[in-house]
Amino acid sequence: MYEPSHLRTFLAVSQTLSFTQAARRLGLRQSTVSQHVRRLEDVTGRRLFSRDTHSVELTEDGEAMLGFARRILEVHEQATAFFAGTRLRGRLRFGASEDFVLTRLPEILEGFRHDHPEVDLELTVELSGTLHEQLQAGKLDLVLAKRRPEDPRGELVWHDELVWIGAERLRLDPDRPVPLIVFPPPGITRALALEALERQGRQWRIACTSGSLNGLIAAARAGLGVMAHSRGLVPPGLTRVPERAGLPELGKVDFVLVHGRRRASAQSAADALAAAILAAGDRLHRRWTPAARRRAGGDSVSGPEADT
C-alpha cells in the first residue's frame, strides 16, 4: 500500500520543506518528487502538505504520516538486511555539533547500534567549525553540523533560521552594548552574530563564552545575555528576543551531513548512518504546526507542544 520510495521522498520534503531541495537530496527530478507525494496523498486520501509558490508546510495529516513513514521504512530496511545476510563491520568516526546535545540524536544512534552491532561507533561532539576542520584533516568519517548557506559542502538535513534568544525576563538597554553568550571560535553562530551586529553598527560585549551548549544555556537562563541559535532547536526555558529590542536579523543556516575521505573500512557504515539520520531528520528539531503556534500564542518555542 505504501511504496518505500514514496515514503522516502515524503520524508525528504518534510525535512527540507522544499520540493527542489528534496529532489537534489534524492537525485530525482522535481517532477518525480511531486509525483511521489501526489501518489502518497492519493493512497492515504489525505492532503499531506499545504503548499503554494512560496512555501511548503506539513498539514496535520502530514505530521501524523511522519511517524508512520519512519516506522515502515525502518522495518523495510531491517527485513532487507536480514534476508540479504549483510552485516556491517568496521570503525566509524562520527562527529556531531553541540547543537544536537539536547535533541533526539541519541535515539537515532541507539537504533543504528542496535541494527549494526558489529560497527565500532566513535562519537565526537564539538563546535561545527572544529568538526569541519577535523573532517578535512582525516580524523572523522562523517559529520552532522551547521554550515553557512553559501557553503556548498554536505548533504542538507534541514534548512533553518537563526534567531536571538534569551531568558523571558531579560531586557536589553539600547544605550549599552549587547551582552553576548557565544561559543568560542571557530563557532559559526558566533561569527554570524558578530557580523550582524557589526553591519548594524551596534556595540556588543562578550558576557559568556563556553564550548558547551549546556554552559551557554545556563548563562542565558540566568539572564546574562542573548545568544544566536537555530529557531528549530531553541532549548526549553528560553524564548526569542522580541523585535522591539532592535537586534539585527541573523539570516539562515543549514544543517548538513558531510562525508570525509572515503576509508574502505568505514564507507558502508558511514553511508548507513547517514541514511538513518536523513530518514529521521525531522526528529532532530522541533517542528511547529499552525495549530501549535496558535495554542502557544505566537513565536514562543518552549512548552510541551513544541516537541513533535
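What you see is a predicted model; the values in this text were computed from it and never measured.

Concerning helix H5 (residues 105-115)
Alright, step 1. Taken together, the buried positions of H5 are occupied by Leu-105, Ile-108, Leu-109 and Phe-112. Buried positions in H5, seen along its axis, are confined to an arc of 95 degrees and lie on one side of it. The outward face of H5, more than 90 degrees from its buried face, is lined by the exposed residues Glu-110 and His-114.
Alright, step 2. Against strand E3 (90-97), strand E4 (119-126), strand E5 (142-147) and helix H9 (264-279) lie the buried residues of H5.

A closer look at the packing of helix H1 (residues 4-16) against helix H3 (residues 30-44)
Alright, step 1. Between H1 and H3, the least distance of the axes is 9 Å, while the angle of their chain directions is 110 degrees. The angle between H1 and H3 places the two elements in the roughly perpendicular class. Between H1 and H3, the residues in contact are Ser-5, His-6, Leu-7, Thr-9, Phe-10 and Val-13 and Val-33, His-36, Val-37, Arg-39 and Leu-40, respectively.

A few points about the nonpolar core
Alright, step 1. One finds Phe-94, Leu-105, Leu-144 and Trp-164 to be the most contacted residues of the largest nonpolar core, which totals 43 residues.
Alright, step 2. Where this core is concerned, the elements lending two or more residues are E3, H5, E5, strand E6 (155-166), strand E7 (178-182), helix H7 (188-200), strand E11 (252-259) and H9.
Alright, step 3. Look past the residues within four positions of Phe-94 in its chain and what remains in contact with it is Leu-105, Leu-109, Leu-121, Glu-122, Leu-123, Thr-124, Leu-140, Leu-142, Val-143, Leu-144, Leu-273 and Ile-277.
Alright, step 4. Residues Phe-19, Val-37, Leu-40 and Val-56 belong to the second largest nonpolar core, which totals 19 residues.

Parameters and conventions
Residues numbered from 1 in each chain as written. Predicted model: local features only at pLDDT ≥ 70, side-chain atom pairs only at ≥ 80, totals over all residues. Heavy atoms only, no water. Buried < 20%, exposed > 50% of the residue type's maximum accessible area, 1.4 Å probe, protein only. Helix = DSSP H or I, 4+ residues; strand = E, 2+ residues; numbered from the N terminus. Arc of directions from axis to C-beta. Contact = heavy atoms within 4.5 Å. Axes fitted to C-alpha atoms, helices over the stretch in contact; angles between N-to-C directions. Parallel < 35°, antiparallel > 145°, perpendicular 65-115°, else oblique. Core = buried A, V, L, I, M, F, W, Y, C linked by side-chain atoms within 4.5 Å.

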